[in-house]
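Survey of secondary and tertiary structure
Here are the chains, one letter per residue:
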Amino acid sequence: MKLLTGNELGSGAVTWWTGNGWSLHVEDAVDVGEHGEAVLHAEEGARRVNAPYIIDAVATPQGPRPAHIKDRVRALGPTVRPDLTLKPADPAAGDWII
Amino acid sequence: MYKYDHFDQSIVDARVAEFRDQVNRRIAGEITEDQFKPLRLMNGLYLQLHAYMLRVAIPYGTLDSRQMRMLAHIARKYDRDYGHFTTRQNIQYNWIKLEECADLLEELATVEMHAIQTSGNCIRNISSDQYAGAAADEVADPRPWAELLRQWSTFHPEFSYLPRKFKIAVIASPEDRAAMRLHDIGLELVRQNGELGARVFVGGGMGRTPMIAPEINPFVKADDLLSYIEACLRVYNRYGRRDNIYKARIKILVHEIGADEYRRQVAEEFAHVKTLGIDPPLAELERISAFFAPPAFDAADVEPDRSDPDFAVWLDQNVKPHKQTGYAIVNISLKPIGGIPGDATSAQIDVMADLAEQYGFDELRVTHAQNIVLPHVAKRDLHAVWQVLRNADLADANLDLISDIIACPGLDYCSLANARSIPVAQKIATRFADMDRQRDLGELKLKISGCINACGHHHAGHIGILGVDRKGVENYQLTFGGSGAEDVSIGKIIGPGFDEDGVVDAVEKATEVYKTLREGDERFIDTYRRVGLEPFKEAIYG
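Residues numbered from 1 in each chain as written. Chains lettered and ligands numbered in written order. Predicted model: local features only at pLDDT ≥ 70, side-chain atom pairs only at ≥ 80, totals over all residues.

Digging into the overall build of chain B
The criterion, for reference: Helical segments are the DSSP runs of H or I of at least four residues, strand segments are the runs of E of at least two, and each set is numbered from the N terminus. Put simply, the radius of gyration uses C-alpha atoms, and a globule should come to 2.2 Å times the residue count raised to 0.38. In this scheme every C-beta is placed from the backbone, and a residue whose C-beta has 20 or more other C-beta atoms within 10 Å is buried, one with 12 or fewer is exposed, and one in between is partly exposed. By the convention adopted here, residues make contact when the C-beta atoms placed from their backbones lie within 7 Å.
When helices and strands are tallied, chain B shows 17 helices and 20 strands. Against the globule reference of 24 Å for 542 residues, chain B gives a C-alpha radius of gyration of 23 Å, in line with a compact fold. Taking the principal axes of its C-alpha atoms as reference, chain B extends roughly 60 × 60 × 55 Å. Out of the 542 residues belonging to chain B, those deemed buried represent 54%. A sequence separation of at least 24 residues applies to 67% of the contacts in chain B between residues at least 6 apart.

In structure tokens form, the structure reads like this:
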């Protein structure tokens, strides 16, 4: 599957295309299939996202997981600072990253 | 310390206002990211893995308590309560919001700080010896020269769009504490028949093509130094490659045309530049030098009470001799066992600022090894300083030991990285946590980079670790034999790479070989240079 990701323009936070908007959580991301480029240009033009790009991912029961380690690290936060990730209260939240 | 004059403050304030307008235009959609990116980079603002990252310049690593407290304030107000001190003697914040960046820079400007020259193809923040003004072996204080170069290079119209970034280091001691010869230009101030001048080295660097800068001129008179450096830059600006980013650094130019030809071209250009009268008049040099006059040293020479064994270890490891009787240089390690190299919380930054104000003539230094220095502390105050540091978890006595690791942010933060650096540093430091074991190993400089750009200086590590991406999996190559000191050398890859735990095991095996083979006071690198790679390779790869 293909995911569309980027960073929020104002905050710089990592965001994922959900089909009708953007989410901070990769679990909300949808497969953009062949439409990724079109969505990318439209959203970038509307300044809703910065530096967007399309990545490979795999579907899992927990939701989409980026194929490459760099995007898996992006999806949650620094592996060395669990307190700064999107799920600081869940010590196992990053088990799938590495 | 240097204090801004009207011109310094005006250009920094004007730059903040200009950047505020650029940010507003970007957010309003009047300019695209492609148009905005070079503008934000000129103000130190990168887009990294999780957020914008702001790199704040700390000229030649020197700052006072007011500036240090501002760094803590920035961490609290605009970031997530911590900052990361870097190998360029700067500080980085990892969670900056674009919409708040101009406000941040405006606050920074109130204490004579900015983020200019921390990115882009310009002359970057000048680096220097963290012991400047305190080291017994210096022939002169390098800071006035670093400051002169700062003023000369900031917004230099001819050198704002160089083929590639350009890094200059200035030292004034035979002992090189600033990796001087691994810079685009390295200057070592020396005296010849009593006259001050500089040895000039050009074309060093790390990155994917590490090179040691050859000596281009053994003695340039102080009166000619600025003109000579201008000539060095002009030749590079004229002939440095702009068609290939990987071949654009000056080290490639010097290597390709040869040091002799580069030297000849610089001499020719220098003859012309010298007619332009850009070297500052003596009065200006004296004006700058006055800011760096020695503080009013007046402490008696009191040897500290060593009855507390932990304090005694810290004294032996982290406190260095000062040129002034009664004083010492205090190194504050930002490398707690299992911690993140170079990181400090806002509270810790405030503590260090308080110590500088109370005990250190209001001066701090950032080191290229990602530690902090209080350059002038009275020996009678060392125990009090240590107690405060200990209460703030800043008293690790591991300077230059195996756990005093340089590590880049790596794949945990950096969009260029291929592998994580920090977890490897944490595991190695934890493996060697026992202080007696570390001290038995002695000086062992271990440096980790998460990609070939070598921000973690792995080429200059006695043991270097380079993280690479092998089919989407982190892999770590080991290098041995590097040094960024006066015995400068580039480390060599020892063989196939390892996974994260494997590289920690390999480092431990290497230290065992060293302990078996060392003679006398040999450091790890001395033994490696004497016996060669084979015994290490055999132990590691079997």
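Let's pick the thread back up.
Concerning the overall build of chain A
Across its full length, chain A carries two helices and five strands. Beginning at the N terminus, the succession of helices and strands in chain A can be written as β-β-β-α-β-β-α. For 98 residues, the compact-globule estimate of 2.2 N^0.38 gives 13 Å, and the C-alpha radius of gyration of chain A, at 13 Å, lies within 12% of that figure. Principal axes of the C-alpha set define a box for chain A whose edges measure 35 × 30 × 20 Å. With 98 residues in all, chain A has 32% of them scored as buried. Taking the contacts inside chain A whose residues are at least 6 apart along the sequence as the reference set, 45% of them involve residues at least 24 apart.

With respect to the interface of chain B and chain A
The line we're drawing: Throughout this entry, Asp, Glu, Lys and Arg are counted as charged residues, while Ala, Val, Leu, Ile, Met, Phe, Trp, Tyr, Cys and Pro are counted as nonpolar. The remaining residues, Gly among them, count as polar.
Listed as interface residues are 21 residues of chain B and, on the opposing side, 20 residues of chain A. Counting only elements with at least two residues in the side of chain B that touches chain A, the list comes to helix 4 (98–109) and helix 13 (422–431) of chain B. Grouping the amino acids of the side of chain B that touches chain A by side-chain chemistry returns eleven nonpolar, three polar and seven charged.

Description of the packing of helix 11 (residues 346–359) of chain B against helix 12 (residues 382–391) of chain B
All names here are of chain B. For the record, the criterion: Axis definition: a line fitted to C-alpha atoms, limited for helices to the stretch in contact. Angles are taken between N-to-C directions and run from 0 to 180 degrees. Orientation categories follow fixed angle ranges, with anything under 35 degrees roughly parallel, anything over 145 roughly antiparallel, 65 to 115 roughly perpendicular, and all other angles oblique. Put simply, a crossing is left-handed when the front helix is turned counterclockwise from the back one by less than a right angle, and right-handed when it is turned clockwise.
Across the interface, helix 11 lies against helix 12 with an axial gap of 10 Å and an inter-helix angle of 165 degrees. What the angle tells us is that helix 11 and helix 12 run roughly antiparallel. At the point where helix 11 passes helix 12, the crossing takes the right-handed sense. For the pair formed by helix 11 and helix 12, the contact residues are Val351, Leu355 and Tyr359 on the first element and Ala384, Val385 and Val388 on the second. Across the contact of helix 11 with helix 12, the residue classes break down as six nonpolar, no polar and no charged.

Quick notes on the nonpolar core
Applied cut-off: In this description, a nonpolar core means buried residues of the types Ala, Val, Leu, Ile, Met, Phe, Trp, Tyr and Cys, linked to one another by C-beta atoms lying within 7 Å. Segmentation of the chain into domains, including their bounds, is taken from an automatic or database domain assignment.
Core analysis: the biggest nonpolar cluster contains 95 residues, and Val170, Val200, Val202, Cys232, Ile428 and Val503 of chain B have the highest contact counts within it. Both of domain 2 (134–290) and domain 4 (406–541) of chain B provide at least three residues apiece to this core. Among residues more than four places away in sequence, those in contact with cysteine 232 of chain B are Ile185, Val202 and Val266 of chain B. Ranked by size, the runner-up nonpolar core spans 84 residues in total, among them Ala29 and Val49 of chain A together with Met53 and Leu63 of chain B.

Focus: the sheet that holds strand 19 (residues 473–480) of chain B
Residue and element names in this part refer to chain B. In plain terms, the rule: Pairing between two strands is assigned when DSSP locates at least 2 bridges connecting them.
On the basis of which strands lie adjacent, the open sheet formed by five strands has the order 16-17-18-19-20 and mixed pairing. Strands at the two margins of the open sheet, each flanked by one partner only, are strand 16 (406–407) and strand 20 (492–493). Alignment of strand 16 against strand 17 (residues 446–449), held across two bridges, turns out to be parallel. Residue pairing across strands places isoleucine 406 opposite lysine 447, the latter belonging to strand 17.

Looking at the environment of valine 111 of chain B
Residue and element names in this part refer to chain B. Residue position: valine 111 is located in the loop between helix 4 and strand 6 (127–128). Valine 111 sits in the partly exposed class, given 17 other C-beta atoms within 10 Å. Remark: the alpha-carbon pair of valine 111 and methionine 68, spanning 43 residues in sequence, is separated by 9.4 Å. Discounting chain neighbours no more than four positions away, the residues touching valine 111 are Arg66, Gln67 and Met70.

Some details on helix 6 (residues 225–239) of chain B
Residue and element names in this part refer to chain B. Put simply, the test is: The length a helix should cover is 1.5 Å for every residue beyond the first.
Compared with the 21 Å implied by 1.5 Å per residue over 15 residues, the 21 Å span of helix 6 between its first and last C-alpha is a close match. Most of helix 6 is tucked away: eleven of the 15 residues are buried. Every buried residue of helix 6 is listed here: Leu225, Leu226, Ser227, Tyr228, Ile229, Glu230, Ala231, Cys232, Leu233, Val235 and Tyr236. Contacts made by the buried residues of helix 6 are with helix 5 (143–153), strand 8 (185–192), strand 9 (195–202), strand 10 (215–221), helix 7 (250–257) and helix 8 (259–273).

Focus: the domain arrangement of chain B
Residue and element names in this part refer to chain B. By the assigned domains, chain B splits into domain 1 (6–109), domain 2 (134–290), domain 3 (309–391) and domain 4 (406–541). Distance between the C-alpha centres of domain 3 and domain 4: 26 Å. Contacts between domain 3 and domain 4 engage eight residues on the former and nine residues on the latter.

With respect to the pairing of strand 15 (residues 372–378) of chain B
Residues and elements named next belong to chain B. Burial analysis of strand 15 places seven of its seven residues in the buried class, the great majority of the element. Across two bridges, strand 14 (residues 364–366) lies against strand 15 in antiparallel orientation. Residue valine 366 lies in a different strand from strand 15, and its bridge partner there is isoleucine 372. Between the end of strand 14 and the start of strand 15, which pair antiparallel, lie five residues, with glutamine 370 showing a positive phi angle near 70 degrees.

Re the confidence of the model for chain B
We count it as follows: pLDDT is defined as a per-residue confidence score from the predictor, taking values between 0 and 100.
With 100% of its residues at a pLDDT of 70 or more, chain B has an overall mean of 97. Interface predicted TM-score (ipTM) for the complex: 0.96; the corresponding pTM is 0.97.

Focus: the sheet that holds strand 5 (residues 91–96) of chain B
All names here are of chain B. Taken in spatial order, the five strands of this open sheet run 1-2-5-4-13, and their pairing is antiparallel. A strand with exactly one partner marks an edge of an open sheet, and here the two such strands are strand 1 (45–47) and strand 13 (343–345). The mean angle between the axes of side-by-side strands here comes to 30 degrees, regardless of whether they run parallel or antiparallel. Both strand 2 (residues 52–56) and strand 5 contribute to a ladder of four bridges, which runs antiparallel. Looking across to strand 5, one finds that valine 56 is bridged to isoleucine 91. This element, helix 11, spans strand 4 (82–85) and strand 13 of the sheet and lies at about 85 degrees to strand 13.

What to know about helix 5 of chain B
Residues three or four positions apart in an α-helix share a direction because the helix packs 3.6 residues into each turn. Residues and elements named next belong to chain B. By the criterion of burial, helix 5 is predominantly enclosed, with nine of the eleven residues buried. Burial in helix 5 covers these residues: Arg143, Pro144, Trp145, Ala146, Glu147, Leu148, Leu149, Arg150 and Ser153. Contact partners of the buried residues in helix 5: strand 3 (62–63), strand 6, strand 7 (168–171), strand 8, helix 6 and helix 9 (282–290). Immediately beyond the C-terminal end of helix 5, within one or two residues, lies phenylalanine 155, with a positive phi of roughly 60 degrees.

Here's the deal with the packing of helix 3 (residues 65–78) of chain B against helix 11 of chain B
Residues and elements named next belong to chain B. At their nearest, the axes of helix 3 and helix 11 sit 8 Å apart, and the two run at 170 degrees to each other. By the criterion of interaxial angle, the relationship of helix 3 to helix 11 is roughly antiparallel. Contacts between helix 3 and helix 11 involve Ser65, Met68, Arg69, Leu71, Ala72, Ala75 and Arg76 from the first element and Ser346, Ile349, Asp350, Met352, Ala353, Ala356 and Glu357 from the second. Residue composition of the contact of helix 3 with helix 11, by class: eight nonpolar, two polar and four charged.

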